[in-house]
Each structure stands twice: as structure tokens, then as C-alpha cells.
Amino acid sequence: MSHEPHDLAGPYALDALTEPERRRFERHLTGCAACAEEAAGLREATARLALAASRRPPERLRGRVLAEIARTRQSPPPLARRLPSPRTRGPAWLAAAACLVLALTGGGAAWHFHRDAEHARALNRQVAAVLTAPDARTSTVSGQGRVTVVSSRSAGKAVVTASRLPRLPSTRTYQMWWLGPFAPRSAGTLDPGGEARPVVTAGLGDARRFGVTVEPAGGSPRPTGAPILTLPLG
Amino acid sequence: MNEPGGGRRGAGAVGAEPPDLAELLGRVARGDQDAFGQVYERLSGPVYGIALRVVRDPAQAEEVAQDVLVELWRKASHYRPDRGGATAWALTVAHRRAVDRVRSSQADRDREERAGAPPREYDEVAEEVGTRLEHQQVRRCMRGLTPTQRESITLAYYGGYTYREVAELLGVGLAAVKSRMRDGLIRLRDCLGVQP
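Presented here is a report on the structure given in the accompanying data block. What you are looking at is a predicted structure, and each value in this text was computed from that prediction instead of being measured.

Rules behind the numbers
- Note on numbering: residues in each chain are counted from 1, in written sequence order.
- Labels follow written order: the first chain is A, the first ligand is 1, and so on.
- Given that the model is predicted, a residue must reach a pLDDT of at least 70 before its local features are reported, and side-chain atom pairs must reach 80 or more before they are shown or counted; all residues, however, enter totals for whole chains, interfaces and linings.
- Excluded from the side-chain calculation are hydrogens and water; included are all heavy atoms of the structure.
- The numbering of helices and of strands both runs from the N terminus, where a helix is a DSSP run of H or I of at least 4 residues and a strand a run of E of at least 2.
- When accessible area is computed with a 1.4 Å probe and restricted to protein chains, residues below 20% of their type maximum are described as buried, those above 50% as exposed, and intermediate ones as partly exposed.
- Here a residue-residue contact requires only that any non-hydrogen atoms of the pair lie within 4.5 Å.
- Criterion for a salt bridge: a side-chain nitrogen of Lys or Arg within 4 Å of a carboxyl oxygen of Asp or Glu.
- Two strands qualify as a pair provided that DSSP identifies no fewer than 2 bridges between them.

Topic: the overall build of chain B
Working step 1: Scanning chain B from terminus to terminus reveals nine helices and zero strands.
Working step 2: In sequence order, the secondary structure elements of chain B are arranged as α-α-α-α-α-α-α-α-α.
Working step 3: Here chain B, with 196 residues, has 51% of them falling under the buried criterion.
Working step 4: Relative to all contacts within chain B whose residues are 6 or more apart in sequence, the contacts with residues 24 or more apart total 64%.

Examining the pattern of salt bridges
Working step 1: Per the counting criterion, the structure on display carries 20 salt bridges over all chains.
Working step 2: Among the ionic pairs, Asp206 of chain A bridges to Arg185 of chain A, the shortest N-O distance being 3.9 Å. With a gap of 21 residues between them, Asp206 of chain A in the loop between strand S6 (199-202) and strand S7 (209-216) and Arg185 of chain A in strand S5 (residues 182-190) connect regions that are remote in the sequence.
Working step 3: When its relative accessible area of 30% is taken as the criterion, Arg185 of chain A is described as partly exposed.
Working step 4: Across the salt bridge formed by Arg189 of chain B and Asp190 of chain B, the nearest N and O atoms sit 3.1 Å from each other.
Working step 5: Salt bridges sharing common partners tie together Asp15, Glu19, Arg22, Arg23, Glu26 and Arg43 of chain A together with Arg96 of chain B.

A word on the pairing of S5 of chain A
Residue and element names in this part refer to chain A.
Working step 1: As paired strands, strand S4 (residues 172-180) and S5 are joined by six bridges and run antiparallel to one another. Residue Gln175 lies in a different strand from S5, and its bridge partner there is Thr189.
Working step 2: Here S4 hands over to S5 after one residue, the two strands then running antiparallel side by side.

It is worth stressing that arrangement in space is one thing and function is another; only the former is reported here.
So, in C-alpha cells, the structure goes:
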């Protein structure tokens, strides 16, 4: 047995480990960002070994494969366990990331079975992009529910999670706003809907604060009432 | 092998990550069969090629390739762009499946034969220009490895052997084989200029 799992990066990238060794090494990778990065790089190299071996398959293969996929059900996307990339870990947003991951897994069932799997994946990527931005900043407020905003000026976006907001009648909706020395700009509506799943909203610009109001269903061009909560933006 | 007369001559088909395979996989994940047809065009060659290289038997290679391509359809939503390139992901699926096939007991007899004869060098590829250029670049970079690195990597990747088996075949220790594989791949990666 190896006492230095890192040594196995080469055999791993070459698929030269036995199944139990591979599983053990993959567990090691989840706790070692540098190892995961190295393994990914070596994988790119071994992929080139495969590309260099390319051969045109027999023509009949195409028809067989296309016929089989037409009757093969697709597997749903796995729920991400670790949203942020390990590369740019920073304490400023770590708590928020952990909070968001909790929010995601808390609402996991709903999210997992979301009908539009690709939408979930795309959202996942957008969330990760904001969370891993070098200038990501976190604000949280608790009161009537709990709202966390992770914002990145460089991305011009924010990731918002809300939980335990009071239910609204179907004629009303929560709406998010960018606030500053300008008229409030809408940042979209927020559907707490029981499950806390993150919303990515653009248009941060030079906004100083983030606010939430209760508006008629569908949202309003400008706030019709006072915010139920506001947060400072970094 | 003659150059094909068709339109793949020249740039664009060469090696590196095709720009939108990741996007195609995203569409495939949503059940888009046309997008899968394009994925097939891109990947059936390398998938079949690596399967043939590892399992040797064309009929078995075809079965492996079919399994892999259907698995790419089934698991397209499992591809994670933040974990590496789409081509590397897909070809890892392919290579693992091929390796599983030769490691299953059914293929034991073939393994005996393969153990006796060293795997052929790059002698049987290159039917398209893109493949040929890829092949030349990989061969050039493989020449830059030490002979022992090259031998270890070739036995493991194209031969489908575990690193323990490679150590046995080459009569060297496990630690030496592990570091040859890792150091060799690092050198190969740097020579090919690839990035995760």
C-alpha cells in the first residue's frame, strides 16, 4: 500500500489503478485541491494519447448508437457537493459558500428533480463563478427570514439566497433592488417558495445596498413600498 | 495511409479541445439528439480508436465504443466544466471502459499474449489529417520522455495494465513505476501545452 497517495497521480491519470485504489485516490483528491488540479492536467495529457489513437469506426456503429440512445433514458445531473472551485478559496466568502451549499442541499430534493436539468447546471456554474470571484463579498441579514448576498463587482453580479421568508399570497411577490445614489433598479423577483435555491442576479454596477420589497405579482418597475430588509454591498 | 480528399484537411480539426464540445454536451444533457449526433462526429473516432488500441479485437472494440457513446448520452449531465475539458472527460470514460474490458476475466487469454509482446508503437493510426497532426505532435512529445517513462506510460495507457503489472513486466519497483508515470505525464503535458 502506498503511504503517499500523491504518488498515484500518474497511475490514476493512466487508469492504471485497481478499482479500490482508484476510489481511495479520488477520496484523496476531494480533500487536496493541488492534487485535483494536477490530476486534471495529467488527464488532459492522457486524453491526447487517446486522440492520437483515433480510428474511424465501422459505419454501422453510428446507426446502432443512435438507435440505442433514442431508447435510453438519461441520468439526472448529480447534485453538486462542492460548488466553489478549490483554487481560489478565500475566507471572505467561505462562510457564505458554506451557507449556500447548505441552502442548496436543504432544497436539494426540489432542485435535484428540477425538470430542466440543464437550467440547474447552468445556474450552478453561474453561482460558482460569483462565489469564486476574487472580489466576492458577503452580507447576511436575519429577521423576517434570512437573506444572504454574495456580490462581485468584477462580475457585476450577486448570488442571493433567501430562506424562511414569510409566504405571500399568489398576488404578491418579493422583489430585489439595487439601491444607491440613484433610483432603485430592479434585480428581479425572488421566489422563496419553501426551498432555498440561489438566484444569480446581474446589474450590480455601482449599487451600494441591496433591498427586498413586497410587490404585486410579476414585479414592479419601481418599489411601491418600503423595503422589508436591506443589506450593504461590499 | 493516404490523405483523405475531403474537407477536414488543414486547420481546425487538430487535437486541442474543440471549442464547443462542452456546449454540445450541455445540449445533450437536455435530451437533444441532434447535438448528440455532433458529439458522435467528434468523438466516435477517438473513442473507437482508444478502444481498439487497448482491447485489440475489432469486434470487442466496437462493442466498447458503442457502450461508451451511449454512456456519454446517458451521463452528459455529469460533465462538470470546472473539473476539466470536455474531451478529456469523455475520453476518460472511454479509456476506463476499454481497460475494464481487458481486465475482465474473459480477456485473460489475450492478456497473456499481450504480456509477451510489447505493444506496438504508433504504427496504425492517422487516417485523417487532424488525427495525423495530433499523432505527430504526441509522438514528438513522447520522444522527449526517457525510454523508461515512455515504456511505462505506453504499457499502462495503451496496454491497459495496472501500475503493479507494469512494474512486474519491467522488473522494477512500484515506487519507480509510479514516479516514471507521473514525471512522464508531467513532461508530456508541458510538451503538449495542455491545461486543465
